[in-house]
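# Fold and contact review
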Amino acid sequence: MANPHFDISAAVVRQLGDELVSDEVTAIVELVKNAYDADATYAHVVVNTKDGPTGHETKFPNAIGYVTIEDDGMGMDRADIERGWLMISLSGKRTMKAAGQTTPKGRTPLGDKGLGRLSTQKLGQNLELYTRKDGQADTLHVAFAWDAFTDDKSLSEVPVSIEPAAKSARNKGTMLAISGLRNSEVWRGRSVEKLIADLSQIISPFAEARPFLVTLRIDGRPIDLGQVSAKVRDAAVGKFVIDFVDGAMVLTGKFRLVKLRGNQEVDAYEQLLARDNGRAFLDYLKGRKAPVDFKPSDDPNYFLAFSYGVPLSALGGVETVPSTDPNQPLIEANPGPFHAEIDEFLLRDDEIGAKLGGLANTNEVKAIVQLHAGIKVFRDGFAIKPYGVNGEDWLELSAQQTSATSYYGLRPRNVIGFVSISEAANGNLKEKTDREGFVSNPYSQNFKRLMVHAVEKIGAFYSWIRRNFNTYKAELPERSKPFEGGRKAIADAESVSRRLASYSTAAKSLEANTAAARQKIAAVTARIRQAPVLSSAAERELASLLTEAQQALEASQALFSDLTGYAAEAKDLADIVAVLSPRLDVLADQLQDFSELAGLGLLAEALSHEVQNQTDRLMQKASAAVARAKRSAPPNVDLLVLGQEVTAAASALRRQIGHLSPSLRYQRDKIDIFQLSKLIEDIREHFADRWTEGGIRAEISPGSTDFAVKTNRGRLTQVVDNLLLNAEYWLKEAQARERNFEPKVTIAYAAPRLRIWDNGIGVDPAVEDALFEPFITLKPKDEGRGLGLFISAQILESMGCTISLLSERNEHNRRYIFELDLSGIVDG
């Protein structure tokens, strides 16, 4: 070679196209995106599986089956084609995006890899391009065959035809014609139904997230891409909106009263909620602390509306990136502003919802929800797979769902929704080359963190509503019937008691009739007895029978009287049963919430016992090894050091387990009198081992004065542990963001109070008022469930003590001091 240089086999391009495009839907969408980037107002897709290319001149008249994609975009001239379109991976769009430029219509191009046209080979054997740039005289016709990309020629040797089209009525725009379909079966029968369903999800069905029109025709049949109409969305039982702007997320939502009906709570719903449109229940809720701010909905068709806001910086587990500010080396990876809407539906027995949407029945709602179930991510109107496509549960809604019939949370098959992002505002959310999801980076991880937190907060509010509805039922003087999902014995007892109570009226009526009959019989009998001479033999015999009848009626009347008393008692029993039923449901909720914790406690107990045994054996063997090392000549120094290290590690493990042991079942009922300072010092020693590497310091406030308490040591330890573990988590979060941050926990005590605080950012205002309610947390789901402070408050309450978050604020204007009032356990 006179001038050595790299070249490339033409077959590599075909291989690259096969690997980049997974299926026909992805290929179509990539080509439609090109129309969007060309500032088109529409893209018309036509598929013909039976005929050759028609309606335009072609280089491949014998090819069977074709796909055309036509738009009214900017079009291309010969220079654009030769220096751009024919240059693999040369992308003017990439240059535009890097410079922050947009198209004349203000669009930031979606493509930037210069590989989109390679997707055409997934569809057919031949490619023809008809394009005309606005203001140009001619329409250009480009043609080549993908079968020409073979191993025996270089890429530059593949024949390509460029010539003016013989005739064209086109003013501007482009049409791609792909002929010789590779897999015509995918466009027929059941396969095409799946393809249409997939395509209808990829091209946004929501008007709010759809930038331009896309139409599809297959073998002459117009295809409905299943757009989600405003009528269907108006039938939703719950509607939620999420906006992330300037580093803070705001969640708003509303739901209809029928949401509280549940699957097996129809009677309770009708008797306690529907009859007054939930007004009494709303008054009840106003006196309870909720995880979000709520109020009656301004929309008369909805029951409650709520709102919640939180900055990205307040969430736990947030990813950071380097900052250009030397004073703040790390900042939160901001994914850019986005908007999301989620609609929740009842898929049965919601005729009211259908009427609100102006629909005749619920069938259309069911069909659309089944087709579009899931929450999808659309970038400028095009879905990013796999998020929500075909119901993919990227927000882990199913993980929150329980099998309980009264579960109120979001179900993955009952919601449709979208997250709208853009190439211009969310450039750091980069898609993988194969278009199958985001590249995993701090920005995409924080994007998911925000969305997961939003749906968890919706679930937490629904759970709060459910728990309060159960307690509301338990506290009302008038009770609904027990739910069919309740305890069978309770249901049977109430059924019997109500039947007995219903006999009361009948018994009173029969008793009155019996009394009247007795009076008549007594009158007849008296007359016969008073004039025996004038009475016939038959009448005298009748008098004897009437006397017996009167005695029988007296016994019956006494029975009816007893029955009336039993009926009254039965009514009392019915009232008692009605009280028990909702209270059992409340207990069932609590048992469900804490069953996992109980199992964890049993596991910890078994682990504690086993670790004690194993560390004993390990220390014995290590001691024996150290003794042998000392006796050997010369002494085995390596074995001696190893044995000593094993002994030290086993001792440390025993200390940690020893810290856990007082909280386990076999010791938790033991009551001791001990100095609080001794407990705090033991706990501080335990955490000192844990915090050595992290650099967290724990100190006792100089003004602390000791006092004795009388309680179970393990239960009080559990409370203090939880506060210190929470402090540890948020101090580590602060460390990750501030390089020179020196974390510190301070403990102060003076009878009867114990205070704990740290020098972190403090408690976020979004949760400070509901901090001791269950499931309130800003940590990621795998880091905490929001039960620690709730359990601590319950433990202290059982001791006659309390915990509170003081109103005093730190330098970040946040509350930060936890105070335990131990008045209930101070000795003496």
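Since the structure is predicted, the reported quantities are computational estimates derived from the model, not experimental observations.

### Observations concerning the sheet that holds strand β25 (residues 818-821)
Note on sheets: strands pair through backbone hydrogen bonds, and any given pair is parallel or antiparallel. Ordered by their spatial adjacency, five strands build an open sheet running β20-β22-β23-β25-β24, and the pairing between neighbours is mixed. Unpaired on one side and paired on the other, β20 (697-700) and β24 (802-805) mark the two borders of the sheet. Geometrically, the sheet is characterised by an average inter-axis angle of 15° between neighbouring strands, direction not taken into account. One ladder, built from four bridges, connects β24 with β25; its direction is antiparallel.

### Focus: the sheet that holds strand β11 (residues 293-296)
What the eight strands build is an open sheet, ordered β11-β12-β10-β9-β15-β18-β16-β17; its pairing is mixed. Across the chains shown, the open sheet's two edge strands, defined by having one partner strand only, are β11 and β17 (382-383). Taken together, the eight bridges between strand β9 (residues 238-245) and strand β10 (residues 248-255) define a ladder with antiparallel strand orientation. Bridge assignment links phenylalanine 244 to a residue of β10, and that residue is methionine 249. Here helix α12 (residues 442-475) sits on the sheet in contact with β9, β10, β11, β12 (304-311), β15 (338-344), β16 (374-379) and β18 (415-421), set at roughly 35° to β10.

### Things to note about the side chain of asparagine 468
Of note, asparagine 468 is situated in helix α12. A distance of 3.4 Å separates polar atoms of two side chains, one belonging to asparagine 468 and the other to arginine 288. What asparagine 468 contacts, discounting residues up to four positions off in sequence, is Phe281, Tyr284, Leu285 and Arg288.

### Some words on unusual backbone geometry
Residues other than glycine predominantly adopt negative phi, and peptide bonds predominantly adopt the trans conformation. A cis geometry characterises the amide bond from lysine 385 onward to proline 386, with omega recorded as 0°. Residue proline 752 is reached from alanine 751 by a cis peptide bond, and omega for that bond is 0°. Residue asparagine 390 is not a glycine yet carries a positive backbone phi of 55°. Its place among the elements puts asparagine 390 in the loop between β17 and α11 (397-400). The residue asparagine 813 is not glycine, and still its phi comes out positive at about 60°.

### So, the pairing of β9
Connecting β9 to the antiparallel partner β10 that follows it, the hairpin turn spans two residues, and aspartate 246 within it adopts a positive phi of roughly 55°. With seven bridges connecting them, β9 and β15 associate as antiparallel partners. Along β15, the bridge assignment pairs valine 241 with glutamate 341.

### Quick look at the pattern of salt bridges
Scanning the model with the defined rule gives 36 salt bridges in all. Glutamate 681 serves as the salt-bridge partner of arginine 684, at 3.1 Å between the closest nitrogen and oxygen. Linking arginine 684 with glutamate 681, this pair stays in helix α16 (residues 676-691), spanning three residues, or about one helical turn. Using a relative accessible area of 26% as the deciding quantity, one classes arginine 684 as partly exposed. One connected set of salt bridges, linked through shared partners, spans Arg233, Lys239, Glu341 and Asp343.

### Let's talk about the confidence of the model for the chain
Counting all residues, the mean pLDDT for the chain is 80, and 78% of those residues have values of 70 or more. When mean pLDDT is taken per element in the chain, β9 scores highest with 96 and helix α14 (residues 537-631) scores lowest with 63. Predicted confidence is poor over residues 478-486, with pLDDT under 50, and the contacts of this stretch with residues over four places away or in other chains come to 28 contacts.

### Brief notes about the packing of aromatic side chains
In the structure shown here, the tally under the stated rule is 29 aromatic pairs. Relative to phenylalanine 461, the ring of phenylalanine 255 lies with its centre 6.3 Å away and its plane at 65°, an arrangement referred to as edge-to-face. Of the two residues, phenylalanine 255 sits in strand β10 while phenylalanine 461 sits in helix α12, which places them 206 residues apart along the sequence. The two residues phenylalanine 255 and phenylalanine 461 agree in class, both being buried. Seen from their ring centres, phenylalanine 438 and phenylalanine 447 are 5.9 Å apart, and the 85° between their planes marks the pair as edge-to-face. Neither residue differs from the other here; phenylalanine 438 and phenylalanine 447 are each classed as buried.

About the thresholds
- Residues numbered from 1 in each chain as written.
- Predicted model: local features only at pLDDT ≥ 70, side-chain atom pairs only at ≥ 80, totals over all residues.
- Heavy atoms only, no water.
- Pairing = 2+ DSSP bridges.
- Helix = DSSP H or I, 4+ residues; strand = E, 2+ residues; numbered from the N terminus.
- Axes fitted to C-alpha atoms, helices over the stretch in contact; angles between N-to-C directions.
- Contact = heavy atoms within 4.5 Å.
- Polar contact = N/O pair within 3.5 Å; in protein donor to acceptor, adjacent residues only side chain to side chain.
- Salt bridge = Lys/Arg side-chain N within 4 Å of Asp/Glu carboxyl O.
- Buried < 20%, exposed > 50% of the residue type's maximum accessible area, 1.4 Å probe, protein only.
- pLDDT = per-residue confidence, 0-100.
- Phe/Tyr/Trp six-rings, centres within 6.5 Å; stacked < 30°, edge-to-face > 60°.

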